[in-house]
Amino acid sequence: MQIDKILAERPHKKIYKSGNYVVKEFDAEFSKSDILNEALNQARVEETGLRIPQLEEVTKKDGKWSIVIDYIEGKTLAEIIKNDRENLGMYMEKFVDIQMEIHSKRSPLLNKLKDKMNRKISATNLDATTRYDLHTRLESMPKHNKVCHGDFNPSNIIITPAGDYYILDWSHATQGNASADAARTYLLFSLEGDTEAAEMYMNMFCQKSDTAKQYVQQWLPIVAASQSVKGNEEEREFLLRWIDVCDYQ
């Protein structure tokens, strides 16, 4: 497809606009099963009725697989917040409302969040005692079946000129416990060094969802460990610090 505009370039993949579509192009480092699973996630989440770009095509050209979805005109919520930081509270409220809309949905064929986390904890370089403790903690947490985004942050929300929102990037979607998804979002804000947004998000999510903050915090070491198997060394060190925290009071 013709490249009209490069939207993002990351290790081993490129995302670009082509006419009315967005193309996510993967190189040979990505397994076929991971790419097809991402497309399947997109299709399954579409069926929930959430406002997301529609999947149009999965294709292969010159040895590279691509996922093609509809292009949504607008700005990311991250851009909007950056340019209007004074109204962070208003935007955060909208952000949390969107996440709660996601959590209100069910998609029984999505992969289970606990299964994914167990696999990732096993793949860490943590010692056997720590891995055992994390697996045990994870298994003790309540089992839910809510749709979880897995990478919910303001850069994955597009606001159109008409004020509508669309939710992007469903490659990490699972079904599971909403508080684990919230813990992941809190860590994403923290990774960016935005403590103000992280604490505002945590407080607002817990208030709106009527969830005890301590309960979300119990997920932080588990989520941090499962996320530490990817990313750069600096991110891994940051996440691994969360694994050693004492139980929250």
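Residues numbered from 1 in each chain as written. Predicted model: local features only at pLDDT ≥ 70, side-chain atom pairs only at ≥ 80, totals over all residues. Heavy atoms only, no water.

Undergrad: Would you take a moment to explain the overall build of the protein chain for this structure?
TA: The number of helices and strands found in the protein chain is nine helices and 10 strands. Taken against the 2.2 N^0.38 rule, which gives 18 Å for 249 residues, the C-alpha radius of gyration of the protein chain at 18 Å falls within 12% of a compact globule. Expressed as lengths along the three principal axes of its C-alpha atoms, the size of the protein chain is roughly 55 × 40 × 35 Å. Residue burial in the protein chain is summarised as follows: out of 249 residues, 47% are buried. Nonlocal contacts in the protein chain, meaning residues at least 24 apart in sequence, comprise 64% of its contacts between residues at least 6 apart. Per element, the accessible surface of the protein chain, about 13,000 Å² overall, is 47% carbon and sulfur. Both charge centroids of the protein chain, one from 33 positive and one from 39 negative side chains, sit 4 Å from each other. (Helix = DSSP H or I, 4+ residues; strand = E, 2+ residues; numbered from the N terminus. Rg over C-alpha atoms; globule rule 2.2 N^0.38 Å. Buried < 20%, exposed > 50% of the residue type's maximum accessible area, 1.4 Å probe, protein only. Contact = heavy atoms within 4.5 Å. Areas by Shrake-Rupley, 256 points an atom, 1.4 Å probe, with all protein chains shown as cover. Lys, Arg positive; Asp, Glu negative; His and termini not counted. Charge placed at Lys NZ, Arg CZ, Asp CG, Glu CD.)

Undergrad: What is the right way to look at the packing of helix α6 (residues 178–191) against helix α8 (residues 213–227) in this model?
TA: Helix-helix packing is characterised by the crossing angle of the two axes and by the distance between the axes. The geometry of α6 relative to α8 is characterised by a closest axis approach of 8 Å and an angle of 70° between their N-to-C directions. By the angle between their directions, the pair α6 and α8 is classed as roughly perpendicular. Viewed along their axes, α6 and α8 form a crossing whose handedness is right-handed. On α8, the residues touching Ser179, Ala180, Ala182, Ala183, Arg184, Tyr186 and Leu187 of α6 are Tyr215, Val216, Trp219, Leu220, Val223, Ala224 and Gln227. In terms of residue class, the contact of α6 with α8 is built from 11 nonpolar, two polar and one charged. (Axes fitted to C-alpha atoms, helices over the stretch in contact; angles between N-to-C directions. Parallel < 35°, antiparallel > 145°, perpendicular 65-115°, else oblique. Left-handed = near helix turned anticlockwise from the far one by under 90°. Nonpolar A, V, L, I, M, F, W, Y, C, P; charged D, E, K, R; others polar.)

Undergrad: In this structure, what is going on with the side chain of glutamate 25? I would like to understand it.
TA: Within the fold, glutamate 25 resides in strand β3 (residues 21–26). For glutamate 25, a relative accessible area of 16% gives the class buried. Leaving out residues up to four positions away in the same chain, glutamate 25 has contacts with His12, Lys13, Lys14, Tyr16, Lys64, Trp65 and Ser66.

Undergrad: Help me understand the packing of aromatic side chains in this model?
TA: Note on aromatic pairs: each is described by the distance of the centres and the angle between the planes. In the structure shown here, the tally under the stated rule is eight aromatic pairs. A centroid spacing of 5.9 Å and a plane angle of 65° characterise the contact between phenylalanine 95 and tyrosine 201, whose relative ring orientation is edge-to-face. Taken as a pair, phenylalanine 95 in helix α3 (residues 88–103) and tyrosine 201 in helix α7 (residues 195–209) lie far apart in primary sequence, 106 residues in all. With a centroid separation of 5.9 Å and an interplanar angle of 85°, the aromatic rings of tyrosine 186 and tryptophan 242 are classed as edge-to-face. One end of the pair, tyrosine 186, is in helix α6; the other, tryptophan 242, is in helix α9 (residues 233–243), with 56 residues separating them in the sequence. When sorted by exposure, tyrosine 186 lands in the same class as tryptophan 242, which is buried. Taken together through their ring pairs, the aromatic side chains of Phe95, Phe152, Phe189, Tyr201 and Phe205 make up a single cluster. A cation over a ring is seen here: lysine 17 above tyrosine 71, with NZ or CZ 4.9 Å from the ring centre. Over the ring of tyrosine 165 we find arginine 51, and its NZ or CZ is 5.0 Å from the ring centre. (Phe/Tyr/Trp six-rings, centres within 6.5 Å; stacked < 30°, edge-to-face > 60°. Lys NZ or Arg CZ within 6 Å of the ring centre and 35° of its normal.)

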